[in-house]
Amino acid sequence: MHEKLKVRYHIGGTFPVIDREKWDSESCNFSCFSSYTFAKCEIHILDCITHSSCHKMYKQLFVTILFIYLFVCLFIFPFTPSTASLHRAISHGECSGDSPASGGGSSGGTASLSLSVCFSPVTRAFPVGGVSFVSHFSLPSLKHIGFAPRLRAVMLRSCARGPQDALRCALPAAVPAVCDRLRECAARIPEAREVLTILEKCTKQQCKGDFPIVVFEGLDATGKTTVTQAVKDALDAVLLRSPPACISQWRTIFDDEPTPIRRAFYAAGNYILASEIAKASTQAPVIVDRYWHSTAAYTIASEINGNVQNLPPVQDGVYQWPEDLLKPDLVLLLTVSPEERARRLEHRGLEKTKEEAEMEANSLFRQRIEESYRRMMNPACQEVDANPSKEEVLKTVLQLIKKHCAL
Ligand SMILES: Nc1ncnc2c1ncn2[C@@H]1O[C@H](COP(=O)(O)OP(=O)(O)O)[C@@H](O)[C@H]1O
Ligand SMILES: Nc1ccn([C@H]2C[C@H](O)[C@@H](COP(=O)(O)OP(=O)(O)O)O2)c(=O)n1
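Residues numbered from 1 in each chain as written. Chains lettered and ligands numbered in written order. Predicted model: local features only at pLDDT ≥ 70, side-chain atom pairs only at ≥ 80, totals over all residues. Heavy atoms only, no water.

Moving on to the nonpolar core. By size, the foremost hydrophobic cluster in this structure holds 59 residues, and its most contacted members are Leu182, Val195, Phe254, Ile277, Tyr291 and Ile369. Contributing elements (two or more residues each) for this core: helix 7 (175-186), helix 8 (190-202), strand 3 (213-218), helix 12 (259-280), strand 5 (286-289), helix 13 (292-303), strand 6 (330-335) and helix 16 (363-375). Sort the elements by how many residues they give to this core and helix 12 lands first, with 13 residues. Once residues lying within four places of it in the same chain are set aside, the contact partners of Ile277 are Ile213, Leu240, Val286, Val288, Tyr291 and Leu326. (Core = buried A, V, L, I, M, F, W, Y, C linked by side-chain atoms within 4.5 Å. Buried < 20%, exposed > 50% of the residue type's maximum accessible area, 1.4 Å probe, protein only. Helix = DSSP H or I, 4+ residues; strand = E, 2+ residues; numbered from the N terminus. Contact = heavy atoms within 4.5 Å.)

Written as structure tokens, this is what we have:
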């Protein structure tokens, strides 16, 4: 009964109407993508109610009472939500921490934050447009769904409890979410402000040119650098890599940060890269070494523990390409056997990053990354067996590019 609802929110703007078919009209349950949207969902609910087909008088009366109610809650009750009190609200069932959204339930770390919608004695008394709202929030707890900016930080900490919630928080899959995350840490990490400035300049030009865009993905030492260089030479293409050069000097700083900040950096890198890709694709074919699929696959694999069964189910929203990010024409996933990869890593002899060391020690982590890559959608990855020699891999890859792209 829980439908996944991607909530778009516009604080202070015009509120979109919720598609009421997405609602479970019995209990008014819905799922939202992240704890960020928690407070804002309430706004949608209001909007939904005001746009419902209920009798005009009912509507006006309801809206008036609701605004009085909110006014009282926001200004009469002390507005000091604490992590502890929010936890209390959650554990008392006023909002539930997990749901069977996307079919995962709370098992295997696939639950997402779901809020049982909550409007009170007031809405309970008003069955509106056939939808009777279940009262889950008591009056005092309404202060937790206010509009103060600091509430968002509280929400973020408090609601990111299950692995799936942590995953949603860790993977900012749209420019506003990336910007928010960078802004949140900019006071502590000045480089975040620099990334933001570059990002804000870049998000405008996102229209691709006529030449194809081909992305190469895969674990470390699967041969991406080798093959992308060879393809660039063979096709006289432009070779770009993520994170792009203009921000890669700050990579070591962000690599030492907690996952949500670290991934916000890589996500920002993808959006910045997108504008470089767009520009380059007007001149020549573009070859890209890592892009969104890397950000998503590494985030998912590091936020979920255990074996691949614990990953969010196939078709889950985390595997979707962000709507506001320039799409490539083809994504090739290079895979090699663990033994061959180990041989190549040893042969390459570079110092291992913390993540690479973890990958060597933990083959499950490696498996989770590869499986996440395989589950990515729109565009999905086309797998390439990269075990053979460099020449053979290049030949296979060029054939695939010719087959899928207009060249
Ligand atoms: N097809 C291949 N066969 C054998 N060795 C390879 C092949 N492709 C790459 N290598 C070697 O494996 C190592 C890792 O390759 P690299 O291109 O740096 O991988 P990545 O960019 O994916 O980390 C390098 O030493 C490279 O020369
Ligand atoms: N678009 C990108 C690119 C890299 N990342 C992350 C994923 C991993 O944590 C590292 C891997 O980068 P690394 O430079 O080691 O990759 P190579 O195998 O050297 O090409 O960077 C990302 O999240 N998003």
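Read on for the rest.
Moving on, we come to the site of ligand 2. Around ligand 2 sit 16 residues in total, of which Asp220, Ser242, Arg251, Thr295 and Glu355 are the nearest. The side chain of Asp220 places a nitrogen or oxygen atom 2.6 Å from an oxygen atom of ligand 2. A distance of 2.6 Å separates a nitrogen atom of ligand 2 from a polar atom in the side chain of Thr295. Expressed as a share of its isolated accessible area of 540 Å², the protein-covered part of ligand 2 is 91%. Counting residues per element, the ones that place at least two in the shell around ligand 2 are helix 12, helix 13 and helix 15 (354-361). (Near = heavy atom within 4 Å. Polar contact = N/O pair within 3.5 Å; in protein donor to acceptor, adjacent residues only side chain to side chain. Areas by Shrake-Rupley, 256 points an atom, 1.4 Å probe, with all protein chains shown as cover.)

Geometrically, a pair of aromatic rings is defined through the distance of the ring centres and the angle of the planes. In this structure the tally under the stated criterion is three aromatic pairs. Considering the side-chain rings of Phe265 and Tyr266, the 5.4 Å spacing of their centres and the 75 degrees angle between planes classify their relative orientation as edge-to-face. The exposure class assigned to Phe265 is buried, which follows from its relative accessible area of 0%. Through successive ring pairs, a cluster of aromatic residues spans Phe254, Phe265 and Tyr266. (Phe/Tyr/Trp six-rings, centres within 6.5 Å; stacked < 30°, edge-to-face > 60°.)

Another aspect to go through is the pattern of salt bridges. In the structure shown here, the tally under the stated rule is 13 salt bridges. Taking the shortest distance from any N to any O, the salt bridge between Arg348 and Asp220 comes out at 2.9 Å. Pair noted here: Arg348 is in helix 14 (residues 338-348) and Asp220 is in the loop between strand 3 and helix 9 (224-235), with a separation of 128 residues, a long-range link. Classification of Arg348 by relative accessible area gives partly exposed; the value is 36%. Across the pair Glu340 and Arg343 runs a salt bridge, and its minimum N-O distance is 2.8 Å. Taken together, the residues Glu340 and Arg343, both in helix 14 and three residues apart, mark about one turn of the helix. (Salt bridge = Lys/Arg side-chain N within 4 Å of Asp/Glu carboxyl O.)

The next subject is the site of ligand 1. Around ligand 1, a shell composed of 16 residues is seen, among which Ala221, Lys224, Thr225, Thr226 and Pro388 lie nearest. Between an oxygen atom of ligand 1 and a side-chain N or O atom of Lys224, the distance comes to 2.8 Å. Elements with a contribution of two residues or more to the shell around ligand 1: helix 9, helix 14 and helix 17 (390-404). The residue inventory of the shell around ligand 1, partitioned by class, reads five nonpolar, six polar and five charged. (Nonpolar A, V, L, I, M, F, W, Y, C, P; charged D, E, K, R; others polar.)

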